[in-house]
Amino acid sequence: MKTNRFLAGVLVAFAIITLLFVTCSLSAQERVEVLSDFEHWNERSIKESALIGGKTKTLYKLGGTWDCSNAHAKAMGVDKVSVSVRPEKRGNGTCCRMESTLETVSAIGINFKALATGSIYIGKMIDVVGMQQSSDPNSAIDMGVPFTGRPSALILDYKALIQNQQAVYAPAKTKVKAVEGHDAGHITLILQHRWEENGHVYAYRVGTAVQKIDRTSDWQNDFRLPVQYGVDGKGLKELSNNRHKTHNSKGEMVCIEEVDWRGDLTPTHIVIQISAGSMPPFTGCPGNVVWADNIRLAYDNASLAQAK
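Residues numbered from 1 in each chain as written. Predicted model: local features only at pLDDT ≥ 70, side-chain atom pairs only at ≥ 80, totals over all residues. Heavy atoms only, no water.

What about the pairing of strand 18 (residues 185–197)?
Part 1 of the argument: Relative to strand 19 (residues 200–213), strand 18 is paired through 13 bridges, and the arrangement is antiparallel. Bridging from a neighbouring strand, L191 pairs with G207 of strand 19.
Part 2 of the argument: Connecting strand 18 to the next strand, strand 19, in antiparallel fashion are 2 residues, including N198 with a positive phi near 50°.
Part 3 of the argument: With 7 bridges connecting them, strand 18 and strand 24 (residues 269–275) associate as antiparallel partners. Bridge pairing in strand 24 places I187 opposite I274. (Pairing = 2+ DSSP bridges. Helix = DSSP H or I, 4+ residues; strand = E, 2+ residues; numbered from the N terminus.)

Rendered as structure tokens:
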């Protein structure tokens, strides 16, 4: 009897030690850094101009290094607020809801329609968007922030509602034009090694992680998106010379000109963008929605060693 109890005790102790060993091994293999849990939002009430109805709208913004597609625009003395990103209740907290919306603005008896794609990103939008940014919304965004890490993966929770209908082009004009194709949401992480010459900002692409969201889904918790370094990420997303922009040392907003793949370099900047659409500005599918929560970066032993 005593022998059986002794053996049972030994087995229990062995199981506990084994579990502790496995847990410690897992924690030693990976470090996780939380980027946003969407529990804190900045809100500002802005009254639109009487010419377009004079409504008071709530402009939601994310804090820290994050910003979003919500904008306060002012053109020819007219104030307009666009809200395509907002907090939404999830469990005991909040998540981020991004939606592609077809907005109608009525002025002097004329209805103008503009498609706004809900998007969040690491970077900063200028406080008030003016006429000079109206044809190219990306020119209002300083994309990316300084960063020198080499993460092994981007981890997040997300769900999606993707409409199975033709995309449209609506650049704040009276008519909406149908375009070929169906829009899809996306998750993108880009690591760059940037430098400046004669006012131009150049970059090597160090790392890439991309996920297309082309179908409706419930919450995908702890979704893991591996970061591919150097040319291993070439098939995920081509180099870009004119989409993302940043301020140069003179304070001018210029394109970030990616010139080659260099996975061996230490990054200087990180770009993360999550969006309800993937098409160019003013183009997409109204009603597409992507929700995101608990965005994290994971580092394994190899990535931590390379970052030192």
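Focus: the packing of aromatic side chains
Part 1 of the argument: Across all of its chains, the model carries 5 aromatic pairs by this definition.
Part 2 of the argument: Considering the side-chain rings of F38 and W41, the 6.3 Å spacing of their centres and the 35° angle between planes classify their relative orientation as tilted.
Part 3 of the argument: Classification of F38 as buried rests on a relative accessible area of 1%.
Part 4 of the argument: Among the aromatic side chains, those forming a connected cluster through ring pairs are F38, W41 and Y60.
Part 5 of the argument: Over the face of the ring belonging to W219 we find R90, whose NZ or CZ atom lies 3.7 Å from the ring centre.
Part 6 of the argument: Here the basic side chain of K159 rests over the ring of W291, its NZ or CZ set 4.5 Å away from the ring centre. (Phe/Tyr/Trp six-rings, centres within 6.5 Å; stacked < 30°, edge-to-face > 60°. Buried < 20%, exposed > 50% of the residue type's maximum accessible area, 1.4 Å probe, protein only. Lys NZ or Arg CZ within 6 Å of the ring centre and 35° of its normal.)

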